[in-house]
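Architecture and fold: a report
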Amino acid sequence: MSLAILDGGTFYHHAAIHGRRYRELFDKIIYAPELTTDALAGVTFLIVPDRINPNILRARRDVLIHFAKAGQTLVVFGENRADTWLPGVTWAARPTNFWWWLDKTARPPNRLLAPDHELFQAVPFESTIWHFHGVLTPPAGARALIDVPADPEGRDSGGALLYEDWVTLPGRLFVSTLDPFYHHGSNFMPAATKLLDGFLPWAKRKAAPQIDRGGR
């Protein structure tokens, strides 16, 4: 029973992973360039934080896929070009509105599609809302948990910001465009810290030897 996280080696990874706030939640911290199958022995829940060098992840694609094929849980956050190394991932860039929150009348397009999902008992939907850099198209059979809708005038097809996938590989995949480790470790974007405050203890609880399908 073990929760592991990859460390990309940047200042924001170090602050988020090794800082006092979350450090005790991780059973194992693996420096991403040193990821091997042996390093994942005993790990049942692996987090790939946002903004790790995609070249590193592509070079360790087989290790990550083998982990998920073994029936474990793999969580992949945004800006990792997961579409180039993780099966089933389709990503498309979108213009990023960094400053929508300065407009008091603005309403972000993010939609909660699965309020019944166990994750949202730990993470309030409001803590998942900040700017985004792109959208995902979940593979057939996967479940979008948060999305942005299609533009009614047909200018944008919309897409998922977070989905859960039990179908592409034998394990459980969570794939997201969100980048909370970067924002928490950079000391801005309070929602990102609130997301990790809920998500990481939840991940710790879910790091169990047997797959729990109760969140489907």
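Worth saying up front: this structure is predicted, and the values here are computed from it rather than measured. Note that residues are indexed from 1 along each chain, following the sequence as it is written. Reporting of local features is limited, given that this is a predicted model, to residues whose pLDDT is at least 70; pairs of side-chain atoms are given and counted only at 80 or more, and all residues count toward the totals for whole chains, interfaces and linings. Note that the side-chain values use all heavy atoms of the structure and ignore hydrogens as well as water.

**Considering the overall build of the protein chain**
Elements are defined by DSSP. Helices are runs of H or I of four residues or more, strands are runs of E of two residues or more, and each kind is numbered from the N terminus. For the protein chain, the count of helices and strands is six helices and ten strands. Radius of gyration here is computed from C-alpha atoms only, and the compact-globule reference equals 2.2 Å multiplied by the residue count raised to the power 0.38. For the protein chain, whose C-alpha radius of gyration is 16 Å, the value lies close to the compact-globule estimate of 17 Å for 216 residues. With the C-alpha coordinates aligned to their principal axes, the bounding extent of the protein chain is approximately 50 × 40 × 35 Å. A 1.4 Å probe rolled over the protein chains alone gives each residue an accessible area, and that area as a share of the maximum for its type sets the label: buried under 20%, exposed over 50%, partly exposed in between. Expressed as a percentage of its 216 residues, the buried residues of the protein chain come to 53%. The contact criterion used is simple: two residues touch if any of their non-hydrogen atoms lie within 4.5 Å. Look at the contacts in the protein chain between residues 6 or more apart in sequence, and 71% of them connect residues 24 or more apart. Here the Shrake-Rupley method, with its probe set to 1.4 Å, supplies the accessible areas, and only the displayed protein chains count as covering residues. On the protein chain, roughly 10100 Å² of surface is accessible, and the fraction owed to carbon and sulfur atoms is 53%. Note that His is not counted, nor are the chain ends; the positive residues are Lys and Arg, and the negative ones are Asp and Glu. Note that the charge is assigned to NZ on lysines, CZ on arginines, CG on aspartates and CD on glutamates. Positive and negative charge centroids in the protein chain, built from 23 and 22 side chains respectively, lie 2 Å apart.

**Notes on helix α3 (residues 61–69)**
Within α3, the full set of buried residues consists of V63, L64, I65, F67 and A68. Buried positions along α3 lie against β3 (45–48), α2 (54–59), β4 (73–76) and β10 (172–176). One or two positions beyond α3, positive phi appears at G71, with a value near 90°.

**Let's talk about the nonpolar core**
Formed by 38 residues in total, the largest nonpolar core has its most connected members in F45, I47, F181, F199 and L200. No other element matches the eight residues that helix α6 (residues 190–206) contributes to this core. Apart from residues no more than four positions distant in its own chain, F199 is found in contact with F45, I47, V75, F77, L119 and V123. We define the nonpolar core as a collection of buried residues of types Ala, Val, Leu, Ile, Met, Phe, Trp, Tyr and Cys that are connected through side-chain atoms lying within 4.5 Å of one another. Ranked by size, the runner-up nonpolar core spans 31 residues in total, among them L35, V76, V89 and L136.

Function cannot be read off these values alone, since they describe shape.
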